[in-house]
Amino acid sequence: MSNEENSKQALDSKKESAINLMASILQLKDKNPKVFFGAISGLVLVVLIMIMSGGDSTPVSKAAIKNIEVGQRYVLKSANAYDPAATVRLVSTPGAIAAYDDTEEADRSGACQHMPQGTQVTAMDFSDAYGKKNAYVKVKIEEGECKGNEGWALAIDVQ
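Keep in mind that this is a model prediction, so the values were computed, not measured. (Residues numbered from 1 in each chain as written. Predicted model: local features only at pLDDT ≥ 70, side-chain atom pairs only at ≥ 80, totals over all residues. Heavy atoms only, no water.)

J.: Describe the nonpolar core, naming the residues involved and giving the relevant values.
T.: The biggest cluster of nonpolar side chains holds 16 residues, and the ones touching the most others in it are I68, L76, L90, M115, V137 and V158. When residues of this core are traced back to their parent elements, those giving at least two are β4 (120-129) and β5 (132-141). Residue contributions to this core peak at three residues, all from β5. Judged by nonpolar contacts, the second largest core, of five residues, contains V91, A129, A135 and Y136. (Core = buried A, V, L, I, M, F, W, Y, C linked by side-chain atoms within 4.5 Å. Buried < 20%, exposed > 50% of the residue type's maximum accessible area, 1.4 Å probe, protein only. Helix = DSSP H or I, 4+ residues; strand = E, 2+ residues; numbered from the N terminus.)

J.: So, unusual backbone geometry: which residues are in play, and what are the values?
T.: The residue Y130 is not glycine, and still its phi comes out positive at about 55 degrees. If you trace the backbone, Y130 turns up in the loop between β4 and β5. For N134, which is not glycine, the phi dihedral falls at a positive 55 degrees. You can see N134 is positioned in strand β5. You can call N134 partly exposed: its relative accessible area is 30%.

Okay, here's the thing in C-alpha cells:
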C-alpha cells in the first residue's frame, strides 16, 4: 500500500470511531438522561474550577519610583511614554496638569512648558495632590535654553 492509501484508511477509521462515539453518547442520553446530564455538569464544573483557579501568582511589576530629595539632581523622563521624542509638561502651579488637547496652543514652542526627556533638573519642593503625598515636584531646569526656570512636574516624571 502507498502512503496515500494508508493515510486515507487511517482517516476513515478515525471518522468511524468518532461516529461510534457520538452514537454511544446519544444512546446514553436516550436510555439514562440523568447520567448523561450529570456527566456534562461534571465536565462543566471541572472546566470552571480550572478557569477560576487562576494561573501564575507573580505580581505585575510597576515602575520604580525614586525617593526624591530636595536639592538633588534628577532627569525628566515621561513614565507613560515610549517615544523618546515625547516631552514632559511643566506647569506653573501643582495640580494644573489637565486632560485636554493643547496641541494647537502656542505654548508648545516657548515658555519652557514642554521639556524634552533627559533634561537635567534639581528638585526644589513638593506638593500633595489627589490624596497622594508628594505627587508634584517643583523643579529648576539646569540645562538648555530654559536654564534657571522653575515649574511643577509630576513626581513620576522626575527620575
